[in-house]
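Examination of the molecular architecture
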Amino acid sequence: MAFEGLTERLQKTFAGLRRKGKINESDVRDAMREIRLALLEADVNFGVVKDFVKRVRDKAVGSEVLDGINASQQIVKIVNDELTATMGEKAVPLNKSDKIPTVIMMAGLQGAGKTTTVGKLAKYLEETEHARPLLIAADVYRPAAIKQLQVVGEQVHAPVFEMGTDTDPREIVRQGMAKAREDHNDYVLIDTAGRLQIDEKLMQELADIKEIAHPDEILLVVDAMTGQAAVDVAKGFNEQLEITGVVLTKLDGDTRGGAALSIRAVTGKPIKFTGQGEKMDALDVFYPDRMANRILG
Ligand code: GDP
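Summarised in this report is the structure supplied together with it. Owing to the predicted nature of the structure, the values given are computational and were not obtained by experimental measurement.

Our next topic: the overall build of the protein chain. Summing up its helical and strand segments, the protein chain has 12 helices and eight strands in all. Considering only contacts in the protein chain between residues 6 or more positions apart, those separated by 24 or more positions represent 78%. Approximately 13,800 Å² of the protein chain is accessible, and the part contributed by carbon and sulfur atoms is 49%. Of note, the protein chain has its 40 positive side-chain charges centred 5 Å away from the centre of its 46 negative side-chain charges.

Positionally, D191 belongs in strand 4 (residues 187-192). Buried and unpaired, D191 has K114 as its nearest opposite-charge partner, separated by 5.9 Å. Discounting residues that sit within four places of it in the chain, D191 has contacts with K114, T115, V118, I136, A137, A138, D139 and L149.

For the rest of this paragraph, the subject is the site of the ligand. In the region of the ligand, 18 residues are neighbours, and G111, K114, T116, D252 and E278 sit closest. One of the backbone nitrogen or oxygen atoms of K114 is found 2.7 Å away from an oxygen atom of the ligand. Side-chain polar atom of D252 to a nitrogen atom of the ligand: 2.7 Å apart, as the coordinates give it. A total of 580 Å² of accessible area belongs to the ligand in isolation, and the protein chains cover 81% of it. Examining the composition of the shell around the ligand, we find that four residues originate from one element, helix 6 (residues 114-129), more than from any other. Looking at side-chain class alone, the shell around the ligand contains two nonpolar, 10 polar and six charged residues.

All right, on to helix 6 then. Within an α-helix, residues lying three or four positions from one another point in the same direction, as the helix has 3.6 residues per turn. A rise of 1.5 Å per residue sets the reference length of helix 6, with its 16 residues, at 22 Å; its end C-alpha atoms lie 21 Å apart and thus fit the reference within 8%. At the C-terminal side of helix 6, H130 shows a positive phi close to 50°.

Here we come to the pattern of salt bridges. Per the stated rule, a full pass over the model turns up 16 salt bridges. One salt bridge connects D30 with R33, and the closest N-O pair in it is separated by 3.6 Å. Residue D30 and its partner R33 are located together in helix 3 (residues 25-41), separated by three residues, close to a single helical turn. With a shortest N-O distance of 3.0 Å, K96 and E129 are connected by a salt bridge.

Moving on: the environment of I212. Checked against the element boundaries, I212 lands in helix 9 (residues 200-213). Given the relative accessible area of 23%, I212 is considered partly exposed. In sequence terms I212 and V173 are 39 residues apart; their C-alpha atoms lie 7.4 Å from each other. For I212, the contacting residues outside a window of four places in its chain are R170, V173 and R174.

Okay, the environment of R57 next. As for its placement among the helices and strands, R57 is situated in helix 4 (residues 46-62). Residues R57 and Q150, spaced 93 residues apart in sequence, show a C-alpha to C-alpha distance of 51 Å. Dropping the residues within four chain positions of it, R57 is found in contact with V28 and M32.

On to the sheet that holds strand 4, then. The strand order across the open sheet formed by eight strands is 3-2-4-1-5-6-7-8, and the pairing between neighbours is mixed. The strands lining the two open edges of the sheet, one partner per strand, are strand 3 (160-161) and strand 8 (283-285). Across the sheet, helix 7 (residues 143-155) lies against strand 2 (133-138), strand 3 and strand 4, angled at about 165° from strand 2, the strand it touches most. The sheet strands contacting helix 8 (residues 169-183) are strand 1 (102-107), strand 2, strand 3 and strand 4, and the helix crosses strand 2 at an angle near 165°.

It is worth spelling out the packing of aromatic side chains at this point. Applying the stated criterion to the full structure yields one aromatic pair. Sitting over the ring of Y141, R195 keeps its end group 5.0 Å from the ring centre.

What counts, and at which threshold
For every chain, the first residue of its written sequence is number 1, and the numbers climb from 1 along that sequence. In view of the model being predicted, local features appear only for residues whose pLDDT reaches at least 70, and side-chain atom pairs are presented and counted only at 80 or more, with totals across whole chains, interfaces and linings using the full set of residues. Hydrogens and water are ignored here; the side-chain numbers use all heavy atoms of the structure. To qualify as a helix, a DSSP run of H or I must reach at least 4 residues; to qualify as a strand, a run of E must reach at least 2; elements of each kind are numbered from the N terminus. Note on contacts: a residue pair is in contact if any heavy atoms of the two residues lie within 4.5 Å. Note on areas: Shrake-Rupley, 1.4 Å probe, and residue coverage restricted to the protein chains presented here. For the purpose of counting charges, residues Lys and Arg are taken to be positive, whereas Asp and Glu are taken to be negative. His and the chain ends are not included. In plain terms, the charge of a residue is placed at NZ if it is Lys, CZ if Arg, CG if Asp and CD if Glu. Using a 1.4 Å probe on the protein chains alone, a residue whose accessible area is under 20% of its type maximum counts as buried, one over 50% counts as exposed, and one in between counts as partly exposed. Whenever Lys or Arg places a side-chain nitrogen within 4 Å of a carboxyl oxygen from Asp or Glu, that contact is recorded as a salt bridge. Being near a molecule or strand, for a residue, means having at least one of its heavy atoms within 4 Å of it. Under the rule applied, a polar contact is a pair of N or O atoms within 3.5 Å (in protein, one hydrogen donor and one hydrogen acceptor; residues adjacent in sequence only if both atoms are side-chain atoms). Basically, the charged four are Asp, Glu, Lys and Arg, the nonpolar ten are Ala, Val, Leu, Ile, Met, Phe, Trp, Tyr, Cys and Pro, and anything else, Gly included, counts as polar. Multiplying one less than the number of residues by 1.5 Å gives the expected span of a helix. If DSSP finds at least two bridges between two strands, the strands pair. Every axis in this analysis is a line fitted to C-alpha atoms, fitted for helices over the stretch in contact. Angles between the N-to-C directions lie between 0 and 180 degrees. Put simply, two rings from Phe, Tyr or Trp (the six-membered ring, in Trp's case) pair if the centres are within 6.5 Å, and we call them stacked under 30 degrees between planes, edge-to-face over 60, tilted for the rest. Placement of a charge over a ring requires the Lys NZ or Arg CZ to be within 6 Å of the ring centre, with the centre-to-atom vector within 35 degrees of the ring normal.

In short, the description is geometric, and any link to function would need to be established separately.
This is how it looks when you write it as structure tokens:
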């Protein structure tokens, strides 16, 4: 899909201003409308856009930007800085335990990319820390999920702990944790079940797994293509599970990535990684300034 970037939009809005030299209230109003549209087209949540535009307006009106020929660029800069700040300014590393194993638990809706991300993270940890992670298959509702984790585990040369689909996921995690301690794995990555939407029984199961495994990191995996809906998912999971970070997947698609802004604004939790494809090396550390550029286009 072709988007018109905010820079272009604002240049048009401010095209007539070079001669006038000054910007009045209605110019600001026009600029804010363009910003609102650009953010909505980038799939940022309505409520988040509203708050965001208000903050930008307050900054723009109070600043010296409102005269001179660079008005549009300067407003773009304010928007860019505010986007970067809202998304956390800097990359946030994974939490790490003082003693092994560091436990990372995945959560998210079905199809978001949890299993794939477990494999990618294993590879990332192997490459950046020479880690030896154990992958735990705790999604017992989709028989294919265990097989899928095994395939992923083979690709990244990481062992997979599984007990088939007849054992309660809590028990699988309990035994998987014991196995990791026995084998001195430095990381445990837990793949959990997802549903099509947030569901009480699943949330209870995830809360129980959290209780058992004491994860250092609960990563919510969210499909960036879900756009506006990502907010409800992030809010729901965060309220019930208290996530510690987010992985935003499928950014290789044609989304502008507005979900990143929405999720961070609503949960306050950092996005730590992005998924950029189906392959095991398609995982990137999340940088707020780069995402700001992408959202603005
Ligand atoms: P789960 O149900 O949350 O475990 O999701 P899966 O890991 O099974 O992923 C669902 C689908 O999304 C699979 O076809 C994955 O290959 C695909 N997928 C996961 N992450 C990405 C990504 O970053 N980009 C793309 N294009 N596809 C992804």
